[in-house]
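# A structural walkthrough
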Amino acid sequence: MNEKPLLRVENLGVNFYTRHGVVNAVTDTNFEIQKNEILGLVGESGCGKSVTALSILRLLLEPPAKIMGGRILYKGEDLLKKAEKEIREIRGKEISMIFQNPMSSLNPVLTIGFQVSEPIILHQDLKDDKEVKRRTVEILRQMGIPEAEKRLKDYPHAFSGGMRQRTMIAMALSCSPSLLIADEPTTSLDVTIQVQILKLMRNLRKEFGSSILLITHDFGVAAQLCDTIAVMYAGETIEYGSAVDVLKDPKHPYTKCLLSSIPRIDIEIERLEPIKGSVPNAMNYPAGCRFHPRCPYLIEDKCPEEEPKVTKLAERRMVKCHLYRR
Amino acid sequence: MEKREIMDFFEKNKSISIGVSILLIYLIAAIFAPFLSPHDPYEQDLEVRLQGPSWRYLFGTDQFGRCVFSRVLYGARISIMIGVAAVLFGLIIGSGLGIIAGYRGGLTDLVVMRFMDVLMSIPALILALAVVAALGRSIPNMILAIGINALPKFARLSRSSVLSIRTMEYIEASEAIGTKALDIIRFHVLKNCFSPLLIYSTLYTASAILMAAALSFLGLGVPPPTAEWGLMTAEARMYLRQAPYLVIFPSMVILVLVLGFNLIGDRLRDMLDPKLRF
Amino acid sequence: MGIKKYVLKRLLWFVPLIFLVQTLLFFLLAVIPGDISVLIATPNAPPETIEALREELGLNRPLIIQYLDYVTSVFRGDMGKSFIFRLPVSEVVLGRLVNSLELVTVGMIVAVVVGIPLGVIAAIKKDSLYDRSICTGVLFGISMPLFFIELMVILIFGLYLEWLPVSQRGGPIWTVEGLRHIILPSLCLASICLAMIVRLTRSSMLDVLSEDYILTARSKGLKERVVILTHALKNAMIPVITVIGLQYGFLFGNAVVTEVIFDWPGIGRLAYESIIMRDFPLIRGAVLSIALIFIVINLLIDLIYLRLDPRIEYE
C-alpha cells in the first residue's frame, strides 16, 4: 500500500494576528488521507481543526490569518504554492467543503436550485439550462431530498435542518470531488437526523468514490464513520492511526483521557474521569509539551521542558509524546 | 479609574479623544465667552464694516461692523444650550412615555405609539418649523420644536427595552415578591436600555444643533440680533460674494461641533452596541 | 402574521393617520395667539369686514364643528383657499409638490447610485486608504450644515466659475435648461443623503461578508466578484432599502433649506413661506401634502422590503 496519498498535510502552521496578540492556531499538524478513505480529525473546540480544514482550500482571510509554513500536498502538488485562480478551480470541483451550521451556510435570499447549480455551471462548463437543471435535481434526489424538482424554487428557510445539510452535501458533491471536507456536519442537528446524515456520508464513498476529511469533537461520530483518526490538541496533531487502533489502543495520554471520559454502555465504569485543568490559551501555550499541565503521566524533568517529537510507531501509526521516545 | 487608565483609554481611542477635546473647547468658549471675546458681540461700528479677518478682528466684521469672532463665541452658548436641552427634553419625555407604554401595554401603549407615528409622519425640519411658527420665535420654543422630533426614537428604544425585559422571568419573580413597579423600572429597565439611550442622545445632539442652525437660518429660530451661528449665516448671505468669510466662519464652527458629537456617538456605538447602526 | 394581514393593517392605518396628522396641525394652528381674521385682514379694516371674514372662514362655529370640518374636508378635495394667492389650496400645492418630488427624487437617485458602490468599496477594502477616506468624507458629510454646502456651491459654481445657474427651476427635467437648473440643488441635497447611504451600505456589507454563506460561496470556487455581487450585495441591500423611505422624508424636510437658497418653486418653500405669511389654509395644505407623500413612500418601501426578503413570508 505504497500509493501516494490523496492529501497530505505536512508541518502546517497558521497564526492569527489580532489586536490582542498573536494566536498560534495551528502549529505542527501532520496527517494524510488516501483515496477512498475517511479520516477523522478529532479534538476539542479551539484546537485548530477547523482552521486546518480551511487552510486546505485557502479559505482563511489573510490578514488576520497567516500561513506560517508547511505543505499541503494534493495529488502531489502543494496547494499553498498555487495561485488564486488555480485554487478556485479546485474548490467545489476537486475538493469541496461542508460546514457546521446548515442554516447560516446557505444564502437566505437565493433559491436552493440556484445555489446547488452554481458549482455545476461553474465547473462543468455546461451551456444547456435543461442539463444543468437535470443534474441539480439528480444530485438533490441522490441526497435524499424528496420531490427535488419542485423544491428548486424554494428558499433555504423552507427546509428543515436535516434537509439543509443534505442540500449542502449535494452542493459539495455536485461535481464529484475527490475529497470532501466536512466540518462538524452533524453537530447542530438533532440526534435522529445525525444518524441519517452519517449514513448518507458513509455511502458517499461507495457512490462517489470521494475521500472524506471529517472534523469533529465527537469520538462517537468518528467511530461510526472513520477509517483513520488524527487527534488534535492545542494546534498540533498528537496521535494518528487507524480508527480501530486509536480507539481501542490509544497511545497519547490526551487520547486516553478523552476516551475514558466518555460514558460506555459495554463496560461498567465506576466514575467518569474528566481531564483536569482546561484547554490552554492559544496565545500563550505552556512550555514543552502543551498537554503537560494536565497529563496524568507527566515525566517531571522532561515534559515541561522539551517539546516532544513525532514517534512513528508503525507504518501509519504515530504519536507525539515523550512516553514513546526511542 | 486611575489617571493612567484614563490616559491609555484616550490614546487607544483617538476619535473619542478628538471628539471630547472639541466639546471641551466649545464648552470653554461658551462658558467663558464674556472673557474670551475681544469685543461686545452686539456692538456695531459702521466704520469697520465688512472687513476681512485681521489681528484686531480675528474673524473679520459683518455688515454692521460687529466682531464675528465674538459673535461666534457667544453663539456657542446658544447652540450648545439648545442642543443639549432639546435632547434632554426628548430623552426624559420620550423615554418616559416609552416606558409607560411598554409597561402598561394595552390602550396606553396604542395611544402613545400612534402619537409617535404621527410625529414621525412629518419630516423633522417641517414639524419644527410648524411648532416655532405656532408658538413664536424664542429659544424655549426652539427647544420644544427640536426636542419633539426626538420623542419617537427615544420612546421606541425605551419601550422595546421594557418589552424585552417584561417577559423575562426575573421580572415576574421580582413582581411576585412585591417590588414596586417603579423600582423594577429603575433597576432593570434603565440598565438594559442605558447604552442605546446614551448613544442616541449623543448623536441626536449633533442633529439638534444642525436643526437649530437651520431654523435660525430660515428666520424661524432665534430672533435677531441674537448671535446665533445659523442666523449669522443667513444675514451674511447677501454678502456671499464680497465677504464669503461671513458665511464660512459661523458654518465651520457648526461643522466642527457637530463633528465632535458624531465622533463620540459613533465610537460609543461601535463599542457598546454595533447592531444599532442607524 | 402573514403578509396580507400586515399590508391590510398598514393600509387601514393610513386614513386614521391622516386624521391624526391634521389634528396635530389644527392644534398647532389653534395655539397661535390672536384672532386669525384680524391677522389676515388689511390693517385698519372696519369691524364689519372683520366680522364678514370671520363668517366666511367659519370661525363663529363651535370648535368641534370647525375641527370636524377641517379634518374631513381634505377627503372632499377641498383644503380651503390660500390667503396670499387667492386660489384653492389644492391648485397651488399640486404644482409645487411635483417640483419638490422632482428635486428630491433626483437627489435620492444620485445618492443611491453613487452611495451604494462607495459603501461596497469601503467594505471590501476595509481599513485601506480608500475606506478611511470614504469614512472621513461621510463623517464630514453628516456633520456639515446643508446651507453651508449650498452657499459654498453657489459661491464656487455659480458666482466664481459661473458654470451653472443657481436659482429657480428651468423647466422639466428632460430639457437642457431644466437639467442645468436642477443639477446644483439636487446634488447638494444628495450630499447629505449620500453620506448616510454610504455608511449604512458599508456596515451592512461588512456584516454580510462575515456570514457563513459567504464562506460557502467561496468554497464553491466562485470568483470573488461573483461572491460580492451575487451573494453578498442582495443581502446587504435589505437594511439599506428600508432606510431609503426614511431618507426620503429627511430629504423632504431639508429640501426647505435648499428650495429657499436656490429659489426652487417647491412645496418645502411653499410651506415655509405660508408659515411666515400666516396663510393657514396653505400651511395646512403644504404640510399635509408633505406628510402624505412621506407616509405613502414609507408604505411603498415597506411593501418592497416584504418582497425582497424571502424569509418574511414565513413569519
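Before any of the text, the structure's been laid out above.
Bear in mind that the values here come from a model prediction, so they are computed numbers and not experimental data.

Turning our attention to the overall build of chain C. Summing up its helical and strand segments, chain C has 12 helices and 0 strands in all. Overall, chain C shows an N-to-C arrangement of helices and strands of α-α-α-α-α-α-α-α-α-α-α-α. Along the three orthogonal principal directions, the C-alpha set of chain C runs to about 85 × 60 × 35 Å. Buried positions account for 41% of the 315 residues belonging to chain C.

This next bit is on the interface of chain C and chain B. In many analyses, interface size is given as the accessible surface area lost on bringing the parts together. Listed by partner, the interface residues are 38 residues for chain C and 35 residues for chain B. When contributions to the side of chain C that touches chain B are tallied by element, the ones reaching two or more residues are α1 (3-31), α6 (129-143), α7 (146-160), α8 (176-209), α10 (224-261), α11 (267-277) and α12 (280-308) of chain C. With 9 residues, the single largest contributor to the side of chain C that touches chain B is α10(C). Here the side of chain C that touches chain B is built from residues that sort into 33 nonpolar, 5 polar and no charged.

For the rest of this paragraph, the subject is the environment of Gly219(B). Residues and elements named next belong to chain B. Relative to the helices and strands, Gly219 resides in the loop between α10 (181-217) and α11 (229-236). A count of 19 C-beta atoms within 10 Å places Gly219 in the partly exposed class. Counting along the chain gives 55 residues from Gly219 to Ser164, while the straight-line C-alpha distance between them is 44 Å.

Each side of the interface is counted separately: chain C has 19 residues, and chain A has 24 residues. Counting residues per element, the side of chain C that touches chain A draws most heavily on helix α9 (residues 212-219) of chain C, at 7 residues. When the residues that make up the side of chain C that touches chain A are grouped by side-chain class, the tally is 6 nonpolar, 5 polar and 8 charged.

The subject of this paragraph is the pairing of strand β1 (residues 7-18) of chain A. Residues and elements named next belong to chain A. Two strands pair when backbone bridges link them, and β1 and strand β2 (residues 21-33) are joined in this way by 9 bridges, in the antiparallel orientation. Within β2, the position partnered with Tyr17 by the bridge is Val22. Between β1 and β2, which follow one another and run antiparallel, lie 2 residues. Here β1 runs beside strand β4 (residues 65-74); their pairing, made up of 8 bridges, is antiparallel. If you follow Gly13 over to β4, its bridge partner there is Gly69.

What follows is about the arrangement of the chains. Pairwise contact counts over the 2 pairs of chains in contact peak for chains B and C. The two units chain A and chain B are non-contacting; their minimal C-alpha-C-alpha distance is 11 Å.

What counts, and at which threshold
- Residues numbered from 1 in each chain as written.
- Chains lettered and ligands numbered in written order.
- Predicted model: local features only at pLDDT ≥ 70, side-chain atom pairs only at ≥ 80, totals over all residues.
- Helix = DSSP H or I, 4+ residues; strand = E, 2+ residues; numbered from the N terminus.
- Buried ≥ 20, exposed ≤ 12 C-beta atoms within 10 Å, placed from the backbone.
- Contact = placed C-beta atoms within 7 Å.
- Nonpolar A, V, L, I, M, F, W, Y, C, P; charged D, E, K, R; others polar.
- Pairing = 2+ DSSP bridges.

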